[in-house]
Amino acid sequence: MNLAAMDPQTYDTQLENKRIKLEQAFAQFETPNVEVFASEPANYRMRAEFRMWHDGDDLYYYMFDKVLNEKVRCDQYLPASELINQMMSALIAELKPNPSLRHKLFQVDFLSTLSGEILVSLLYHRQLDEQWCTDATALKAKLSSQFNVNIIGRARKQKIDLDKDFVVESLQVNNKTLLYKQIENSFTQPNAKVSVKMLEWAIDATHNSEGDLLELYCGNGNFSIALAQNFNRVLATELAKPSVDAAQYNIEVNGIENLQIIRMSAEDFSDAMAKKRSFRRLEGIDLDSYVCNTIFVDPPRAGIDPDTLALVQGYERILYISCNPETLKDNLQQLNQTHKVTRFALFDQFPYTDHMETGVLLERR
């Protein structure tokens, strides 16, 4: 983190530099002009994590600045949502005078939504007792007069939910409201407004699709729920159980009837599709009945493993969202042999950093 670089006055220049860097990095693939989707220059992060510094009676949030090589006090935080910044002030005022709530508190995590919910996780280097539960309940009651808030206490092998451990985000995607259950300590897109732009771009890129869609690494169903409208059926895979549970909730609450999610890794699913192995969790699912001309992948930073990459290459159209241009570039070395990049996008999920969220649509040559 480089706090000095977080200047809204320089945002447009920084984004333009990212565009140039991305186009140059992918020039060998003869990509079309990059479509650039900007972030808000401030208050764009829906989640944030802070370490806590105890200094006598004082208590404050801090982050570590890698450029300065030192901790930096954060009474407010420019990237975080306005809701998080408001909660930061209200929460610290309640924690400071309370011995039980502040004792050995070492980290606070915030998860907020555009719809006005916020989840606060308090992390401790001690076991939480009845006194903590009493004081945390009183804290929640007091904060609830101003915020739609839930509080979680965490310690080694201990988690206490005062109410629930998730929020429900509401996103307006092409004038349609989509609801997403987001679970504490599970992956969610941090920049909600850019996430909306990503969903709308993916919908537009696949609007003339035929047949069914296969999605790997589907998380909580973020993309598959939005893309279901463009396909007859959607079959999606995800390994993490909390994400699968959230996805099932999201399918139901959004009334999606043509989407099925299987809990398994992309690697195992690749073996199943290649009929290398059979899996009990695929019993009753006729993979051969799906007519998937399009595959959607949003892999982790490490990119796509060789077996899965071979599977991906078998589809007519590949929609690939990447959080790591380097591994995307590596994967394109193989995909470019059979497919051509016809859409190319930069989504600025992480302003003032070198991170670039990238989207490509590939179609068979």
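Values in this document were obtained by computation on a predicted structure and should not be read as measured data.

1. Some thoughts on helix H1 (residues 11-25)
Residue pairs spaced three or four apart in an α-helix point in one direction, given the helix's 3.6 residues per turn. With 15 residues, H1 should cover 21 Å at 1.5 Å per step; its first-to-last C-alpha distance of 21 Å lies within 8% of that length. Looking only at H1, the buried set comprises Tyr 11, Leu 15, Lys 18 and Leu 22. Burial along H1 is one-sided: seen end-on, the buried residues are contained in an arc of 55°. Among the exposed residues of H1, those pointing more than 90 degrees away from its buried face are Asp 12, Thr 13 and Gln 24.

2. Focus: the side chain of Ser 39
Residue position: Ser 39 is located in the loop between strand E1 (35-37) and strand E2 (47-55). A distance of 3.0 Å separates a polar atom in the side chain of Ser 39 from a polar atom in the side chain of Asn 191. Leaving out residues up to four positions away in the same chain, Ser 39 has contacts with Tyr 11, Tyr 44, Asn 191, Val 194, Asp 348 and Pro 351.

3. A short note on the packing of helix H2 (residues 82-95) against helix H4 (residues 130-143)
Interaxial distance between H2 and H4 falls to 11 Å at its minimum, and their mutual angle equals 140°. Judged by the angle between their axes, H2 and H4 are oblique. The handedness of the crossing between H2 and H4 is right-handed. Of H4, the residues touching H2 (which contributes Met 87, Ala 90, Leu 91, Glu 94 and Leu 95) are Leu 139, Lys 142 and Leu 143. When the residues that make up the contact of H2 with H4 are grouped by side-chain class, the tally is 6 nonpolar, no polar and 2 charged.

4. Some words on the nonpolar core
Among the nonpolar cores identified, the biggest contains 77 residues, and Tyr 61, Leu 91, Phe 110 and Leu 216 are the most heavily contacted of them. Not counting residues up to four positions away in its chain, the partners in contact with Leu 216 are Thr 237, Ala 266, Phe 269, Ile 295, Phe 296, Val 297, Asp 298, Thr 308, Leu 311 and Val 312. Membership of the second largest hydrophobic core comes to 36 residues, among which are Val 196, Ile 203, Ile 251 and Ala 345.

5. Regarding the sheet that holds strand E16 (residues 339-347)
Pairing is mixed in the open sheet, where 8 strands are placed in the order E1-E16-E17-E15-E14-E11-E12-E13. Each end of this open sheet is capped by a strand with a single partner; those strands are E1 and strand E13 (259-263). Neighbouring strand axes in the sheet, compared pairwise and without regard to direction, differ in orientation by 15° on average. Bridge count between strand E15 (residues 317-322) and strand E17 (residues 357-364): 6 bridges; the pairing is antiparallel. Paired with Ile 318 across the bridge in E17 is Leu 362. Packed on one face of the sheet, H1 meets E1, E16 and E17 and runs near 165° to E16. The strands that helix H5 (residues 192-205) touches are E1, E15, E16 and E17; relative to E16, the one it contacts most, it runs at about 160°.

6. A short note on the sheet that holds strand E4 (residues 70-73)
A sheet is described by the order of its strands in space; here 7 strands give the open sequence E4-E3-E2-E5-E6-E7-E8, paired in mixed fashion. Across the chains shown, the open sheet's two edge strands, defined by having one partner strand only, are E4 and strand E8 (158-161). The sheet shows a mean angle of 30° between the axes of neighbouring strands, taken without regard to direction. Note: E2 against strand E3 (residues 58-65), 5 bridges, orientation antiparallel. Counterpart to His 54 in the pairing with E3 is Leu 59. In this fold H2 packs onto E2, E3, strand E5 (105-112), strand E6 (117-124) and strand E7 (148-155), with an angle of close to 145° to the strand it touches most, E5.

Thresholds, definitions, all that
- Residues numbered from 1 in each chain as written.
- Predicted model: local features only at pLDDT ≥ 70, side-chain atom pairs only at ≥ 80, totals over all residues.
- Heavy atoms only, no water.
- Helix = DSSP H or I, 4+ residues; strand = E, 2+ residues; numbered from the N terminus.
- Expected span 1.5 Å × (residues − 1).
- Buried < 20%, exposed > 50% of the residue type's maximum accessible area, 1.4 Å probe, protein only.
- Arc of directions from axis to C-beta.
- Polar contact = N/O pair within 3.5 Å; in protein donor to acceptor, adjacent residues only side chain to side chain.
- Contact = heavy atoms within 4.5 Å.
- Axes fitted to C-alpha atoms, helices over the stretch in contact; angles between N-to-C directions.
- Parallel < 35°, antiparallel > 145°, perpendicular 65-115°, else oblique.
- Left-handed = near helix turned anticlockwise from the far one by under 90°.
- Nonpolar A, V, L, I, M, F, W, Y, C, P; charged D, E, K, R; others polar.
- Core = buried A, V, L, I, M, F, W, Y, C linked by side-chain atoms within 4.5 Å.
- Pairing = 2+ DSSP bridges.

So far we have only geometry, and geometry alone does not tell us how the molecule works.
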